[in-house]
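Examination of the molecular architecture
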Amino acid sequence: MAITLVTGAIKSGKSEFAEKLATGFKKLTYIALSDSRPDDLVWQEKIKLHKSRRPSNWDVIENDDLLCVFKNVSGPLLIDSIGGFVVKNINEDNNEWKKNLLLLNKCLIEYKSDIIIVGEQVGWGLVSEYKIGNIFTERIGEVLKDITLISSNNWLTINGKAIKLDDIYFDI
């Protein structure tokens, strides 16, 4: 069992790179971790683009409750993207958030097959003027840091290029 984390900013190529990594599996479950947002036309176009790239032999689960999904899947997974877990838990108080984060880590560690996780890098620029934006930034940072610690492959995508962080990092 190996966990691969692919992070990057918006439009960095992280989903495409994760999908390329996933083509090595004969069978895979793609977890589109988001609510459907049928009234958001921009979101619908993004979903349409992602769907157009998926091979027909991948099983697809479109769901915003990752902890629930783990109970019903087996085999290799591609989770796109872990920010959906943060959004699902955005209104939870810190105690409930920490509890759910621990549950996520437990699910990832105990899962019996390979997992590729796409994660959003945020916080490199402007600080949000909205409380909810700052909560998202803090929580996605926590999630990514935790997943990095249990991942055997950590990638950063930037400007359509992928950098294997495991080859160039220093612990801090």
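Provided above is the structure to which this section pertains.
Residues numbered from 1 in each chain as written. Predicted model: local features only at pLDDT ≥ 70, side-chain atom pairs only at ≥ 80, totals over all residues. Heavy atoms only, no water.

1. A look at the environment of Val 87
Mapping Val 87 onto the fold places it in helix H4 (residues 83–88). Sequence spacing of Val 87 and Asp 35 is 52 residues, and the spatial spacing of their C-alpha atoms is 9.5 Å. (Helix = DSSP H or I, 4+ residues; strand = E, 2+ residues; numbered from the N terminus.)

2. Comments concerning the packing of helix H5 (residues 94–110) against helix H6 (residues 131–150)
As a packed pair, H5 and H6 sit with axes 11 Å apart at the nearest point and diverge in direction by 25 degrees. Judged by the inter-axis angle, H5 sits roughly parallel to H6. Classified by chirality, the crossing of H6 by H5 is right-handed. Residues Asn 94, Trp 97, Lys 98, Leu 101, Leu 104, Asn 105, Leu 108 and Ile 109 of H5 form the contact with H6, whose participating residues are Arg 139, Glu 142, Val 143, Asp 146, Ile 147 and Ile 150. Each residue belonging to the contact of H5 with H6 can be placed in one class, and the counts come to eight nonpolar, two polar and four charged. (Axes fitted to C-alpha atoms, helices over the stretch in contact; angles between N-to-C directions. Parallel < 35°, antiparallel > 145°, perpendicular 65-115°, else oblique. Left-handed = near helix turned anticlockwise from the far one by under 90°. Contact = heavy atoms within 4.5 Å. Nonpolar A, V, L, I, M, F, W, Y, C, P; charged D, E, K, R; others polar.)

3. Focus: the side chain of Arg 54
Tracing the chain through its elements places Arg 54 in the loop between helix H2 (41–53) and strand S3 (59–63). Buried within the structure, Arg 54 lacks any salt-bridge partner; its nearest side chain of opposite charge belongs to Glu 62, at an N-O separation of 4.0 Å. Every residue in contact with Arg 54, bar those within four places of it in the chain, is listed here: Tyr 30, Ala 32, Val 60 and Glu 62. (Buried < 20%, exposed > 50% of the residue type's maximum accessible area, 1.4 Å probe, protein only. Lys, Arg positive; Asp, Glu negative; His and termini not counted. Salt bridge = Lys/Arg side-chain N within 4 Å of Asp/Glu carboxyl O.)

4. Topic: unusual backbone geometry
That bond from Asp 80 to Ser 81 is cis: its omega, 5 degrees, falls within 30 degrees of zero. Inspection of the secondary structure assignment puts Ser 81 in the loop between strand S4 (77–80) and H4. Positive phi is not limited to glycine here, since Lys 11 has a value of about 65 degrees. Note on placement: Lys 11 falls in the loop between strand S1 (3–8) and helix H1 (14–22). By relative accessible area, Lys 11 is classed as exposed at 73%. In this structure, Asn 159 is a non-glycine residue whose phi angle is positive, near 55 degrees. Its place among the elements puts Asn 159 in the loop between strand S6 (153–158) and strand S7 (161–164).

5. Concerning H6
Helix length check: H6, at 20 residues, gives a terminal C-alpha distance of 29 Å against a target of 28 Å (1.5 Å per residue), a fit within 8%. Among all positions of H6, only Phe 136, Arg 139, Ile 140, Val 143, Leu 144 and Ile 147 are buried. Buried residues of H6, seen end-on, are gathered within an arc of 140 degrees and therefore sit on one face of the element. In this structure, H6 carries Lys 131, Glu 138, Lys 145 and Leu 149 as exposed residues pointing more than 90 degrees from its buried face. Tucked inside the fold, the buried residues of H6 contact S1, H4, H5 and strand S5 (115–120). (Expected span 1.5 Å × (residues − 1). Arc of directions from axis to C-beta.)

6. Description of a nonpolar patch on the surface
Residues Trp 124, Ile 158, Ile 163 and Ile 168 make up a contiguous nonpolar surface patch of roughly 410 Å² in combined accessible area. By secondary structure assignment, the location of Trp 124 is in the loop between S5 and H6. (Patch = residues over 30% accessible without salt bridge, like charges linked within 9 Å, V, L, I, M, F, W, Y side chains within 5 Å. Areas by Shrake-Rupley, 256 points an atom, 1.4 Å probe, with all protein chains shown as cover.)

7. Observations concerning the packing of aromatic side chains
For the structure on display, the rule yields four aromatic pairs. For the pair Phe 70 and Tyr 111, a centre-to-centre distance of 5.7 Å together with 70 degrees between the ring planes defines the contact as edge-to-face. You can see Phe 70 sitting in the loop between helix H3 (66–69) and S4 and its partner Tyr 111 sitting in the loop between H5 and S5, a full 41 residues away along the chain. Owing to a relative accessible area of 10%, Phe 70 belongs among the buried residues under this scheme. The exposure class of Tyr 111 is buried, given its relative accessible area of 9%. (Phe/Tyr/Trp six-rings, centres within 6.5 Å; stacked < 30°, edge-to-face > 60°.)

8. Here's the deal with the pattern of salt bridges
Inspection of every chain in the model, using the stated rule, returns five salt bridges. Lys 106 is paired through a salt bridge with Glu 110; the nearest N and O atoms lie 3.0 Å apart. Of this pair, Lys 106 and Glu 110 both sit in helix H5, four residues apart, which is roughly one turn of the helix. By relative accessible area, which is 45% here, Glu 110 ends up partly exposed.

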